[in-house]
Amino acid sequence: MDDETRGKPQGPLTDLRPVWFTVMPYVPAGTNRKNLAQQLADHLRTLTRRGTGEQYPSAAEVFLVSSAELQGPGQEVPHLLVHGWAERPWQQDDERRMVVTDFFEAVHTWFLSKLPVSATPSVFCTPVRPEISEKLVSLSDFAAHTMGALPAGWAERIPWHGALLPMDRTS
């Protein structure tokens, strides 16, 4: 190894970037949505790649979007927006699609393990474009983000919106 390559990463270059998607889960009526958002954000700290089993760190900010909600007997469907962050080799083929898939699977797995199956017939996740995401942020009345230690440098590089929205986890 010569002096020019010493200390530089030898694998594909990685970068910390977001993906944006909405989540519309069936939950029991009366579910504390702020706690739900915080628990989901905390859960999304590690993703697993289907097929390879590779695990990698992630972080999320989960917004409660104020909108008309679907309701059924004993159920409701809150509208959540997720900004999911991961440091990945984004220039590789299909990496963005695979990261979105990894986030979707983590969300589905969490809801199915957290809530009774009868209350969770399905969880709808849909990717959104950045400009749509920002519009949904403006319609949100609460944001929760992954709490606790993040990988080095992430806290300074992720532009959390939560400072603009109530973060009270007690209600």
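Remember, predicted model here, so these are calculated numbers, not experimental data.

Asker: Help me out: how do you make sense of the sheet that holds strand β6 (residues 75-77) in this one?
Answerer: Hydrogen bonds along the backbone pair up the strands of a sheet, which may run parallel or antiparallel. The sheet built from three strands is open, its strands ordered β2-β6-β5 with antiparallel pairing. For this open sheet the edge positions go to β2 (27-28) and β5 (70-72), each flanked by a neighbour on one side alone. Judged from the three bridges that link them, β5 and β6 form a sheet pairing that is antiparallel. Its bridge partner being in β6, Gly 72 is matched across the sheet by Gln 75.

Asker: Can you walk me through helix α2 (residues 95-114) in this structure?
Answerer: The periodicity of an α-helix, 3.6 residues per turn, causes residues three or four places apart in sequence to face the same way. Between its first and last C-alpha atoms α2 spans 28 Å; for 20 residues at 1.5 Å apiece the expected length is 28 Å, and the two agree. Buried within α2 are the following residues: Glu 95, Val 99, Val 100, Asp 102, Phe 103, Phe 104, Ala 106, Val 107, Trp 110 and Phe 111.

Asker: What is the right way to read the nonpolar core from this model?
Answerer: As a rule of thumb, nonpolar side chains are buried together in soluble globular proteins. Counting 31 residues, the largest nonpolar core has Val 23, Leu 40, Leu 44, Val 107 and Phe 111 as its most contacted members. Among the elements of the structure, β1 (15-25), α1 (33-43), β4 (55-65), β7 (80-88), α2, β8 (123-127) and β9 (140-145) are those that each provide at least two residues to this core. Among the nonpolar cores identified, the runner-up in size contains eight residues, and Trp 20, Phe 63, Val 128 and Leu 136 belong to it.

Asker: Sorry, what's going on with the packing of α1 against α2 here?
Answerer: A pair of packed helices can be characterised by two numbers: the angle between their axes and the separation between those axes. Where α1 contacts α2, the two axes come as close as 10 Å, and the packing angle between them is 125°. One element, α1, and the other, α2, form an angle in the oblique class. Note on packing geometry: the crossing formed by α1 with α2 is right-handed. Contact residues: α1 offers Leu 36, Gln 39, Leu 40 and His 43, while α2 offers Ala 106, Val 107, Trp 110, Phe 111 and Lys 114. Partitioned by chemical class, the residues of the contact of α1 with α2 number six nonpolar, two polar and one charged.

Asker: Can you walk me through the packing of aromatic side chains in this structure?
Answerer: Aromatic ring pairs are described here by two measures, namely the spacing of the ring centres and the angle between the planes. Scanning the model with the defined rule gives four aromatic pairs in all. An angle of 55° between the planes, with centres 6.4 Å apart, marks the rings of Tyr 26 and Phe 124 as tilted. Taken together, the residues Tyr 26 in the loop between β1 and β2 and Phe 124 in strand β8 connect sequence positions 98 residues apart. With a relative accessible area of 23%, Tyr 26 lands in the partly exposed category. Given a relative accessible area of 46%, Phe 124 falls into the partly exposed group. Pairwise contacts between aromatic rings join Phe 21, Phe 103 and Phe 104 into one cluster.

Rules behind the numbers
- Residues numbered from 1 in each chain as written.
- Predicted model: local features only at pLDDT ≥ 70, side-chain atom pairs only at ≥ 80, totals over all residues.
- Heavy atoms only, no water.
- Pairing = 2+ DSSP bridges.
- Helix = DSSP H or I, 4+ residues; strand = E, 2+ residues; numbered from the N terminus.
- Expected span 1.5 Å × (residues − 1).
- Buried < 20%, exposed > 50% of the residue type's maximum accessible area, 1.4 Å probe, protein only.
- Core = buried A, V, L, I, M, F, W, Y, C linked by side-chain atoms within 4.5 Å.
- Axes fitted to C-alpha atoms, helices over the stretch in contact; angles between N-to-C directions.
- Parallel < 35°, antiparallel > 145°, perpendicular 65-115°, else oblique.
- Left-handed = near helix turned anticlockwise from the far one by under 90°.
- Contact = heavy atoms within 4.5 Å.
- Nonpolar A, V, L, I, M, F, W, Y, C, P; charged D, E, K, R; others polar.
- Phe/Tyr/Trp six-rings, centres within 6.5 Å; stacked < 30°, edge-to-face > 60°.

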